[in-house]
Amino acid sequence: MVKLDVNLMRFLTIDDFIVLTAVEKAMENHALHALVPIGEVASIARLRHWRTGKIIGDLQKHKLLSFERGTRPEGLSLNVSGYDYLALNSLRKRDSVDAFGNQISVGKESNIYIVSAGEQERCLKLHRRGLLSFKRGVNKPNHHKRRRSASWLNLSARLAIKEFACMKVLHDRQFPVPQPYDLSRHCVVMELIKGTLLHRVQELDNVKALYDKLMNNIMKFALYGVVHGDFNEFNIFITHDERPVIMDFSHMVFTHHANAKMFFERDVNCVINFFKKRFGFESETFPQFSDVVRLDTIDMEAERIGLKEDLAELIKAVRQQLWNESNNCDDGTAGELNEEPLEHVHVELDEDFDGGFFEDSFAEEVN
């Protein structure tokens, strides 16, 4: 398991982050898991070769970079901690995170930490898709849109963008989801929910009321054109007043997806089976996919309103933000990166945007 130690960040210089970003940019330009020559890193970073070599040596000592010797060609690659530091540095400059706390959850796809911004406690989720889990999925074409392959950096970042976008538009529509605050690479900053995971709850004041709320949420998602896809006791928080808050939207699909009905029924059965085993509660009332009549056009085939437009604009804004960081780093001006919050980044929508970014990633859940 990869542990994140942020103590080193306070000692890293601007040039250190320039080199880390240059390695990241070079890796994006190469094929799957390709090693990056030092000369290319120096060229992107716009630093002298001797200076770049010294920085690379220091970053290697801190296990932020790796250098593969004896291979053809020899080269550098970005380690997990190096990628974490790049994301945290961007969040820090945007004042989305200014203090780092304890790890509160670890899973096969992500790690979750308590952070703060000013006096407000927040939650930081680091996606690890393609690194800690599903390693064989890295070579699946439907994981990386039109590319033939992609690295774990690309997979984790794509998953983070997907989850951030889904949470944003759902929260704006008053769904019981955490409020998302910011995004950088594979890291999502969101509201810290005060409550208990449903799988740890042993007693409830009103079992039927919570059951009805969860089933209503599943149906409400579908009425608005989406299916959660992983609606179970490990992704549901229960507050002190027994109000459910839904988490983890990395598996969400739209109702026009080929397997939407299967995902919908799986979500319903997860709730039914849990309440039967944990509380001995059974009900003959549960939602049916055939009863779904959309109330809002929040899918990729509808007109450019609702979720689709929000997703398109958000994705473009995120891509623009990440491009600005890399582009400014290429000029050697990492101290003047565009660190505006994502919601203030204005990007025009392409006329031919078809939402393929999400459609391709949804297919991976059933292959």
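To be clear, the structure that these remarks concern was listed above.
Note that this is a predicted model, so its numbers are computed, not measured. (Residues numbered from 1 in each chain as written. Predicted model: local features only at pLDDT ≥ 70, side-chain atom pairs only at ≥ 80, totals over all residues. Heavy atoms only, no water.)

Overview of the overall build of the chain
To keep things clear, this is the line we draw: Only DSSP runs of H or I reaching four residues or more are called helices, and only runs of E reaching two or more are called strands; each is numbered from the N terminus. With a 1.4 Å probe rolled over the protein chains alone, any residue whose accessible area is under 20% of its type maximum counts as buried; one over 50% counts as exposed, and the rest are partly exposed. Any two residues having at least one pair of non-hydrogen atoms within 4.5 Å are treated as being in contact. Here the Shrake-Rupley method, with its probe set to 1.4 Å, supplies the accessible areas, and only the displayed protein chains count as covering residues.
Scanning the chain from N- to C-terminus turns up 9 helices and 12 strands. The buried share of the chain, taken over its 367 residues, is 54%. Sequence separation of at least 24 residues holds for 69% of the intrachain contacts in the chain that already meet a minimum separation of 6. Looking at the chain as shown, the accessible area adds up to about 17500 Å², and 47% of this sits on carbon and sulfur atoms.

Some details on the side chain of E233
Put simply, the rule reads: We score Asp and Glu as negative and Lys and Arg as positive, and we do not count His or the chain ends. Note on definitions: salt bridges are taken to be side-chain nitrogens of Lys or Arg within 4 Å of carboxyl oxygens of Asp or Glu.
Tracing the chain through its elements places E233 in the loop between β9 (226–227) and β10 (236–238). Of the buried charged residues, E233 lacks a salt bridge, with R278 as the closest side chain of opposite charge at 6.5 Å.

Examining the packing of aromatic side chains
Note the cut-off: Only Phe, Tyr and Trp rings are paired, with Trp represented by its six-membered ring, and only when their centres lie within 6.5 Å; those with planes under 30 degrees apart are stacked, over 60 edge-to-face, the remainder tilted. Two conditions define a charge sitting above a ring: the NZ of Lys or the CZ of Arg must be within 6 Å of the ring centre, and it must be within 35 degrees of the ring normal.
With the rule as written, the count across this model stands at 11 aromatic pairs. Measuring from centroid to centroid gives 5.2 Å for F175 and Y224, while their planes differ by 85°, and the two rings are edge-to-face. Residue F175 is located in the loop between α5 (152–172) and β6 (180–184), and its partner Y224 is located in the loop between α6 (207–223) and β9; the two are separated by 49 residues in the primary sequence. Taking the centre distance of 5.9 Å and the plane angle of 85° together, the rings of F274 and F279 count as edge-to-face. Its relative accessible area of 9% is what places F274 among the buried residues. Against the face of Y181 rests R122, its NZ or CZ located 4.0 Å from the ring centre.

Details of the nonpolar core
Put simply, the rule reads: Take the buried residues of types Ala, Val, Leu, Ile, Met, Phe, Trp, Tyr and Cys, join any two whose side-chain atoms come within 4.5 Å, and each joined set is a nonpolar core.
Counting 52 residues, the largest nonpolar core has F221, F249 and F275 as its most contacted members. Those elements that place two or more of their residues in this core are α5, β7 (187–191), α6, β9, β10, β11 (244–246), β12 (253–254) and α7 (260–279). Top element by residues in this core is α6. It accounts for 10 residues. The residues contacting F221, other than those within four sequence positions of it, are L170, F175, V226, F231, I246, F249 and M252. Among the nonpolar cores identified, the runner-up in size contains 41 residues, and A22, V23, A45 and F67 belong to it.

Here's the deal with the pairing of strand β4 (residues 110–117)
Quick reminder of the rule: Criterion used throughout: strands pair if DSSP finds at least two bridges between them.
By the criterion of burial, β4 is predominantly enclosed, with 7 of the 8 residues buried. In this structure, strand β3 (residues 99–106) lies alongside β4, joined through 5 bridges in antiparallel fashion. Within the sheet, the bridge partner assigned to Q103 lies in β4 and is Y113. Turn length for the β3-β4 hairpin, with the two strands adjacent in sequence and antiparallel, is 3 residues. Across 8 bridges, the pairing between β4 and strand β5 (residues 120–127) is antiparallel. What sits directly across from S110, in β5, is H127. Counting the residues between successive antiparallel strands, the hairpin from β4 to β5 contains 2 residues, one of them, G118, with a positive phi of roughly 70°.

With respect to the packing of helix α2 (residues 38–45) against helix α3 (residues 49–61)
The condition that has to hold: Comment: axis = line fitted to C-alpha atoms, over the contacting stretch for helices; angle = value between 0 and 180 degrees taken between N-to-C directions. When an angle is under 35 degrees it counts as roughly parallel; over 145 it counts as roughly antiparallel; between 65 and 115 it counts as roughly perpendicular; any other value is oblique. Residues are sorted three ways: Asp, Glu, Lys and Arg are charged, Ala, Val, Leu, Ile, Met, Phe, Trp, Tyr, Cys and Pro are nonpolar, and all the rest, Gly among them, are polar.
Two elements in contact, α2 and α3, have axes separated by 9 Å at closest approach and are oriented at 110°. In terms of orientation, α2 lies roughly perpendicular with respect to α3. Facing I38, G39, V41 and A42 of α2, the residues of α3 in contact are H49, T52 and I56. Class assignment of the residues belonging to the contact of α2 with α3 gives a composition of 4 nonpolar, 3 polar and no charged.

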